[in-house]
Amino acid sequence: MLAAMFRFEMGYHFRQVSFCVAALLFLILGVLMPFGNFGGEEIHRNAPHVINFIICLLSLFTIFVSTLAGAAVVLRDAQHRMEPLIFSTSIGRLPYFVVRLGGLLTAVFLVMCLAAAGAATVTFIAPASQLGPFHLSYYVVPLLLFGLPGVVFCGSIVFATALLTRNIRWVYTAGVLMFIIYFTASILGNSPVMAGSIPAPGGPGWVSVLIDPFGFTAFFGETMNWPVWRRNQELFPLTPPFVANRLLWTTISLAMLALSYNRFKFRTLSEKDTASARKAVAQTAPATAYRTIRTLTNGQHYHWQAFRRVLTLEIKTLFGNPVMTTLIFALWVFFNAIELFENLSNGPYGVRSYATSGILTEQLVAVRPALLLILFYASELIHREKTTGIHPLIFSTPVSVTAFAMAKSLSLVVWIMALITVHMAVGVAVQWFSGFGQFEWGTYLSLYYYAGLPLVLYAILIIFIQTIIPNKYLGMLISALIIGIFIFGRKLGLESYLTRFATAPRLRYSDFDGFGHSSLSFTWYMRYWTLVALALAGIGTDMWAGNARGRMRTGITSARPAMVFSSVCALLAIGAGIFIQYQNGLSAHNRIGTTNAAWQAQYERKYKPLASTPQPVITDVNLQTDLFPADQYYTVKGSVRIKNKSGQPITMLCIGIDPEVELVELAPERASRVSSDETFGQRGYRTDVPLAPGAEMTIHFEIRADRSGFKTFNAEHSVAANGSYIELEKYLPHFGYRAAYEIENVEERRQNGLPVRGNIQSTDREYHFIHFQNIISTEAGQQAITVGTLVKSWVRGGRRYFHYQSKDLIPYMFALSTARYAVKTEKYKGTTFRIYHHADHRQNVPAMMQAMKDALDYGNAHFGTYPRHELTLAEIPHYPGSATAYPGLIFSQERTNFRSDPGDSTGFNFTYATAAHETAHQWWAVRVAAPSGPGYALLTESLAKYTEAMVTEKRFGKMYLRPYHVKDSQLYFAYRSATAEREIPLWQTTDQPFVHYQKGGLALFRLKEVLGETHLNRALRELVTLHGYPLQKPDPASLVDALKRGANTSQARLVDEVFKKVIVFDNDIKILNNKALPDNKRLLTLEINVRKTDETSGKPVPLKPDDAIDIAVFNLQITPNVAPPKPVYLRRHHFSKNRSVVQIVVPRNSETVMLDPFSYMLDGSDHNNIVLLK
Amino acid sequence: MQRLKIQGLSKTYSNGVRALDQVSLEIPNGMFGLLGPNGAGKSTFMRILATLTRADDGLLLFDGQDITRETDWLRSRLGYLPQDFGVYPGVSAENLLDHLAVLKGLVHKPERREQVAALLHRTNLYQHRKQAVSTFSGGMRQRFGIAQALLGNPQLVIVDEPTAGLDPSERNRFHDLLSEIGEHIVVILSTHIVDDVHDLCPQMAVLVSGRVVLEGKPDVLTHSLKGRLWRKTVTPAELAEMQAAIDVISTRRVAGRIQVHVVADACPGTAFEASDPGLEDVYFATLPGTGGKEVQPC
């Protein structure tokens, strides 16, 4: 009998439209997904890693399949009122349970298997070069290890919910909640599943592996670092944490099922029939006689009344069950609050930001998960009359279908607004609890617009889709699919915001400008999408009429009002779309420009030969820059003087202009234009007379750049109503080939058919410094900041003018910013320090000021005199990094530096360090720089990191640096394992920031410890005196040589190791014996293991250690992330064996022993460098 | 003057089933009974009249208005009790009736309140008015359906199997109610229960396989069978033989034995006795398998 019942169950599943569609979908996904990128070109498309990945990912989406199947099939007896018939048969509790459960799990697992089958088809589709051998186990094993447990888990939750609540709404809620909870937990747990997660140093801990029901964390954590050959050959290993995970979650699933088996109501039909439900109300009023009453069904009053009634009813139903609504809203609050708190402390190095209204609102704009709930509610709304069976009663009344449709849609809008209100409240609460007192209510209220409006538009779209698809479950599935397509549109190739429903360019918040910059394009895109949505709504209303009351037999004889409305909206939408496209393409030169890989590849192919053509060098820049913040554009009129330093006569001037800039005029003296390439902004000018070596020429030009909100946002090139920042040197006409336009990413270069980027040092050793002058005008009330000294400032015609001039020659770097600034000025040792900042951002200014002074002191004392009498720092709203240095000027980003909380408990003042770092650049980059190419960043970033560390050490003590160094070390290893290419040794570092920032800083600190600060600084001073402007640029090797001079053999060897090799350690420390000694001392016997590996060639080669490492002992327990106090014991020990035993004498009250307390040894696993004394 | 005029009404479903085939009827004020077996097309006919479905072909006039075009006009004077309906869960009888009253056009609150209360009294639901209709038993729900069909000022009331689920006393109350209102409006009563048609309807029609096979006044139709109805008690074996030979219109068990009714102009065989025809006999006589014998009205 069971077999027959099971067959019926499966048949029922197979007949569900949603099942068929889901099966098809998974099959197609299975076929397509192997063609994605799973770690590089050499990964086989049918590699076990790829198949496992696909199955893992899809097992997550079985949440939806289970929910739909559970709702449609498990609850069918209650839903379709078959219970009396079913339960009056002799079916037992266990068979009923088993068959129903079995059917659900089998159906969902089948869908999963179809995906695997789809993936197997890649064997026939992909070319043989991309395939490895076919093994059935590659498919079966992941299905059993990842697919099946995932299906069982989802299925058991859905099944238990269905059986215990016998309410379809709860089933849907369970499904949605599972999804939301899983993703929120992933974000919070920094799970490697999430695309944006920071690679956790050391891999995910076993706790995170354990609590992931789908086993993703285990999978990604383990295989993240697998090289290509392992991914191609090995099945996922059964590591203990993984096995524990599978056992845990299978047990939980079984427990849930057991619970539901014990407690579900079988044969106890609904409480509807029990007497308690039918309490009659006493008949108090005397019976009124029935008489007919005239009705009024024409006119506005009737339609308005009907509309109001339906609206009230629908709203009541949407918010219906107070328990459910509260639960949903409570969970929403909970997860959003957690995410907000997390993001606040997610600055670089874990620094906390202030919980400002702006920062929180910017986060809160993301409300996508609400779409799942909207999907569900929309479906309920639309099908309510049919599902409840009240359809004939309602639609035999003259109620207008339009009013009905509008009331339903409006009720959903009301729900959305309620959600946004709750959402807002979360932000307010988080701000309150974080103790930031300034509430900007306007900013919070703007959430109704920025977050609410897109949701409303999506709701209209969903309602439309579910109106035209009569089947309820199919409608939900298709809606989910379409939403998915729009949300992941970018990855599917839909670039333009005009093709992605209700999306607009990302909203960026800044205290300077609010959402100002992004809001213009947001508004226009929303206008466009609103019109599209209204057009859809019109069509939907029209179709609803058809669905509700049967189709009009004859064709459209009279224009139906809804269709007219739709047409009008559609036309207006097209108009808006054209306007937007026009705005996007307003400047003749606006393509997506340099962020467009295809453009970049073309540019390189076409113009790389220019790199070897002799071109002049700019010696003088004289500009007049006019900014129009309110209109978001600027113009530059001016001239550059060029000189032929190439040693050959120049006949052709190859002048290029950035695609984001419009060239108004370009007039080289005595030259005529011979070629013009609009796509790449390149122009060729033939000189009337060849420019002889050493000769000069002036070129006049005028440019204009439109930086409206419609353009793709470029933080280095932005003009906003308040807070503009332009790295102007990038946008003036340039000569010859611009290597900066090349594609850097190795994978992308391969995809575009470009050769590996040649990495040779430029042969040009000259510093081509310039005279610089810029008269900047902007709105009165705003201050313009740029390099040079402010000679004069005046007001004219409602605009403010600033005349900046460089007193001496400066590098070709002259960024500018304008904003309504407040300024803090201090004079110290003859130098004027200024910090320009947003009036409210005062908190971190003292730290920055102190850092600038300290760093300048240090540099002046050890490297060379700072040539200027002023150093300025200006706050800018948006910037890809933290800060950037210009001659005499530092630009510092608002969020990380000004809005970080100085009273923060991580104990490291990142703002101070950053300001010191940027000040250090005045030597390392402005005064001295290597020729561009390998090693350039060593002489700029690594030396700046070193200086920063020294300045910080002087101010706060050496132990203060520990948490910072620990994080840098962890980041070094994390980024290192995330990169596919071999690490380049420090002295030739290119394109690998983790080498010149993280490793560089730590390596130089180590050298300072070993060679001594004086030795190091002497070498650095040499660099300045022998190679600073106006002399020749240094070779990075000269730093290495300078450091080796005066060093003994082992020190010289260390210098070579640090710079020319890639060496990592894996050390640990253990306590072998702890003996108390008289006079309050202890004798500790320590075992120290030093594993030193040389990875310069890419393959690890173990080395015999020959290194000195510090051992520190503290008299209390060390909290991570906080600077430890002064140690009670600190000595450097030399190790020349892998295993050494060392004995040290320490005070009685010692508690913690630490190896490498300053964390500069580049130890891949630092958790075993600390031991506690019992 | 026939208030409701139906000419040539036809509807074929997309699966090819011809639900209505050239149905023509003229229905005056008063109760009109519609009889017919399952699948005869009665419900389709009712749904078309209730403006929930559109016919493929045909002319429908009510008070001279073409109701295929003036649908909202008809809806504003329509009362419909479907054979099968559900309700919004968790809404009380009073609230739901009020809701439907608004949709029907009772915009004036005091009047609406009055009528809602009156209807609840008339259908004996007043003491349950605060309960959710979704918790009502079958009979109570049926009474609610009757109540909502009478909201406003209905001129055309369509009731489909209205007394299903009602106990005898409720059935009587319902009949009283219908008769009361049915004097000056058109009430179309579709049912299997021949007695109801007999008791209540001055006019009736029989619908079989989408066609009107009989139309007229019940007593006239019954009278036309007078002298042509015969009955006999037989054994099961004899029955099979008999059905092959003559026109058996119905069989019935009486005290364990089978009683057959036969229509014939003259006595069809031995031991047959003449019997007074009832409306049921008229009905059975029209059903297929009667050898196409049609009963002519006088």
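In this text the structure is predicted, and so the values were computed from the model without any measurement.

Moving on: the overall build of chain A. Tallying secondary structure elements over chain A gives 35 helices and 28 strands in all. Its C-alpha radius of gyration of 35 Å places chain A within 12% of the 32 Å reference for a compact globule of 1174 residues. Each principal axis of the C-alpha distribution contributes one length, and for chain A these read about 110 × 85 × 65 Å. The 1174 residues of chain A split such that 55% are buried. Accessible surface, chain A: about 48500 Å² in total, of which carbon and sulfur atoms supply 61%. For chain A, the distance from the average site of its 110 positive side-chain charges to the average site of its 84 negative ones is 7 Å.

Residues and elements named next belong to chain A. Applying the stated rule across the entire model yields 80 aromatic pairs over all chains. Consider the rings of F329 and W415, whose centres lie 6.0 Å apart with planes at 25°: the pair is stacked. Remark: W415 occurs in helix α19 (residues 401–433) and F329 occurs in helix α15 (residues 322–344); sequence separation between them is 86 residues. The exposure class of F329 is buried, given its relative accessible area of 14%. Note on Y528 and W529: the rings are 4.9 Å apart at their centroids and 70° apart in plane angle, and the pair reads as edge-to-face.

The next point concerns the pattern of salt bridges. Residue and element names in this part refer to chain A. Applying the stated criterion across every chain yields a total of 67 salt bridges over all chains. Here E314 ties to K408 by a salt bridge, and the two come within 2.8 Å at their closest N and O atoms. You can see E314 sitting in helix α14 (residues 299–318) and its partner K408 sitting in helix α19, a full 94 residues away along the chain. Of the charged contacts, one joins R1132 and D1110 as a salt bridge, the two residues approaching to 3.0 Å between their closest N and O atoms. Taken as a pair, R1132 in strand β25 (residues 1129–1135) and D1110 in strand β24 (residues 1107–1114) lie far apart in primary sequence, 22 residues in all. A residue is classified by how much of its surface remains accessible, and R1132, at 31% relative accessible area, is partly exposed.

Each partner contributes to the interface: chain A provides 49 residues, whereas chain B provides 55 residues. A buried area of about 4700 Å², summed over both sides, lies between chain A and chain B, and 60% of it is on carbon and sulfur atoms. Of all residues in chain A, A:Y290, A:R309 and A:L393 bury the most surface against chain B, accounting for 17% of the area lost on that side. Among the ionic pairs, A:R309 bridges to B:D98, the shortest N-O distance being 2.6 Å. Here chain A and chain B share nine residue pairs in polar contact (both at pLDDT 80 or more) between them. Going through the elements one at a time, α14, α17 (370–388), α18 (391–395) and α23 (516–549) of chain A are the ones with two or more residues in the side of chain A that touches chain B. When residues of the side of chain A that touches chain B are assigned to their parent elements, the largest contribution, seven residues, is made by α14(A).

Residue and element names in this part refer to chain A. The strand order β16-β17-β18-β20-β19 describes an open sheet built from five strands, whose pairing is mixed. Every interior strand has two partners, whereas the edge strands, β16 (822–828) and β19 (883–886), have only one. For this sheet, the mean inter-axis angle between neighbouring strands, taken without regard to orientation, is 15°. Judged from the seven bridges that link them, β16 and strand β17 (residues 831–837) form a sheet pairing that is antiparallel. Looking at the pairing, E826 lines up with F833 of β17. In this fold helix α27 (residues 845–862) packs onto β16, β17 and β18 (870–876), with an angle of close to 150° to the strand it touches most, β17.

Residue and element names in this part refer to chain A. Look at the link from Y1029 to P1030: it is a cis peptide, with omega at 10°. Its place among the elements puts P1030 in the loop between α33 (1013–1027) and α34 (1036–1044). Despite not being glycine, R166 has its phi angle at roughly 50°, a positive value. Inspection of the secondary structure assignment puts R166 in the loop between α8 (137–165) and α9 (168–188). In the Ramachandran plot, D1079 falls in the positive-phi region, its phi being about 45° despite a non-glycine side chain. Of note, D1079 is situated in the loop between β21 (1063–1077) and β22 (1081–1094). For D1079, a relative accessible area of 61% translates into the label exposed.

What follows is about the nonpolar core. Within the largest apolar cluster, 162 residues are counted, with the highest numbers of intra-cluster contacts made by A:I374, A:L412, A:W415 and A:F501. In terms of residues, this core owes the most to one element, helix α3 (residues 48–74) of chain A, which gives 16 residues. Excluding anything up to four places from it in sequence, A:I374 contacts A:L412, A:W415, A:I416, A:L455, A:A459 and A:I462. Counting residues in hydrophobic clusters, the runner-up holds 104 residues, among them B:L119, B:V186, B:M204 and B:L229.

Moving on, we get to the packing of α15(A) against α19(A). Residue and element names in this part refer to chain A. Running from amino to carboxyl end, α15 crosses α19 at an angle of 40°, the nearest separation of the two axes being 9 Å. The angle between the axes of α15 and α19 places the two elements in the oblique class. The two elements α15 and α19 meet at a crossing, and its hand is right-handed. Contacts from F329, W332, V333, N336, A337, L340, F341 and L344 of α15 reach α19 at W415, A418, L419, V422, H423, V426, G427, V430 and F433. Residue composition of the contact of α15 with α19, grouped by class: 14 nonpolar, three polar and no charged.

Attention now moves to the packing of α17(A) against α19(A). All names here are of chain A. Between α17 and α19, the least distance of the axes is 11 Å, while the angle of their chain directions is 155°. By the angle between their axes, α17 is roughly antiparallel relative to α19. When you trace α17 past α19, the crossing you get is right-handed. Facing α17, whose interface residues are A370, L373, I374, Y377, A378, L381, R384 and E385, α19 presents F404, K408, S411, L412, W415, I416 and L419. In terms of residue class, the contact of α17 with α19 is made up of eleven nonpolar, one polar and three charged.

Our next topic: the sheet that holds strand β6 (residues 78–81) of chain B. Residues and elements named next belong to chain B. Ordered by their spatial adjacency, six strands build an open sheet running β6-β7-β8-β3-β9-β10, and the pairing between neighbours is mixed. Every interior strand has two partners, whereas the edge strands, β6 and β10 (211–216), have only one. Taking the axes of each pair of neighbouring strands and ignoring which way they run, one obtains an average angle of 15° across the sheet. Contacts from helix α10 (residues 279–286) reach β3 (30–35), β9 (203–208) and β10 within the one sheet, and its direction differs from that of β9 by about 30°.

For the rest of this paragraph, the subject is the environment of A:I180. Residues and elements named next belong to chain A. Summarising the element assignment, I180 is placed in helix α9. You can call I180 buried: its relative accessible area is 14%. I180 has contacts with F335 and P369, leaving out every residue within four places of it along the chain.

Residues and elements named next belong to chain A. Among the nine residues that make up α34, seven are buried, leaving the element largely enclosed by the rest of the structure. Within α34, the full set of buried residues consists of P1036, A1037, S1038, L1039, V1040, A1042 and L1043. Elements that come into contact with the buried residues of α34 comprise α30 (936–956), α32 (993–1011), α33 and α35 (1049–1060). Note on α34: the residue one or two positions beyond its end, G1046, has a positive phi of about 85°.

To continue, consider the confidence of the model for chain A. Should the pLDDT be low somewhere, the predicted coordinates at that spot are not to be read in detail. Residue and element names in this part refer to chain A. Scored by pLDDT, chain A comes out at a mean of 86, with 94% of its residues at no less than 70. Taken together, the stretch residues 272–277 has pLDDT below 50 and engages in five contacts with residues farther than four places along the chain or on a different chain. Long-range and interchain partners of residues 587–594, a stretch whose pLDDT sits below 50, account for 23 contacts in this model, where long-range means more than four residues apart.

Further remarks concern the pairing of strand β14 (residues 799–805) of chain A. Residue and element names in this part refer to chain A. Of all seven residues making up β14, five are buried, and the element is well covered by its neighbours. Two elements, strand β13 (residues 789–796) and β14, share seven bridges in a ladder whose sense is antiparallel. When the bridges of β14 are listed, R796 appears paired with R799. The loop that links β13 with its antiparallel partner β14 comprises two residues; one of these, G797, has a positive phi angle of about 55°.

Helix length check: helix α3 (residues 93–104) of chain B, at twelve residues, gives a terminal C-alpha distance of 16 Å against a target of 16 Å (1.5 Å per residue), a fit within 8%. With ten of twelve residues buried, α3(B) is to be regarded as a mostly interior element. Looking at the packing, one finds that the buried side of α3(B) touches α14 and α18 of chain A together with β6, α4 (109–122) and α5 (138–149) of chain B. Note on α3(B): the residue one or two positions beyond its end, B:G105, has a positive phi of about 110°.

What counts, and where the lines are drawn
Residues numbered from 1 in each chain as written. Chains lettered and ligands numbered in written order. Predicted model: local features only at pLDDT ≥ 70, side-chain atom pairs only at ≥ 80, totals over all residues. Heavy atoms only, no water. Helix = DSSP H or I, 4+ residues; strand = E, 2+ residues; numbered from the N terminus. Rg over C-alpha atoms; globule rule 2.2 N^0.38 Å. Buried < 20%, exposed > 50% of the residue type's maximum accessible area, 1.4 Å probe, protein only. Areas by Shrake-Rupley, 256 points an atom, 1.4 Å probe, with all protein chains shown as cover. Lys, Arg positive; Asp, Glu negative; His and termini not counted. Charge placed at Lys NZ, Arg CZ, Asp CG, Glu CD. Phe/Tyr/Trp six-rings, centres within 6.5 Å; stacked < 30°, edge-to-face > 60°. Salt bridge = Lys/Arg side-chain N within 4 Å of Asp/Glu carboxyl O. Contact = heavy atoms within 4.5 Å. Buried area = accessible area lost by both parts, 1.4 Å probe. Polar contact = N/O pair within 3.5 Å; in protein donor to acceptor, adjacent residues only side chain to side chain. Pairing = 2+ DSSP bridges. Axes fitted to C-alpha atoms, helices over the stretch in contact; angles between N-to-C directions. Core = buried A, V, L, I, M, F, W, Y, C linked by side-chain atoms within 4.5 Å. Parallel < 35°, antiparallel > 145°, perpendicular 65-115°, else oblique. Left-handed = near helix turned anticlockwise from the far one by under 90°. Nonpolar A, V, L, I, M, F, W, Y, C, P; charged D, E, K, R; others polar. pLDDT = per-residue confidence, 0-100. Expected span 1.5 Å × (residues − 1).

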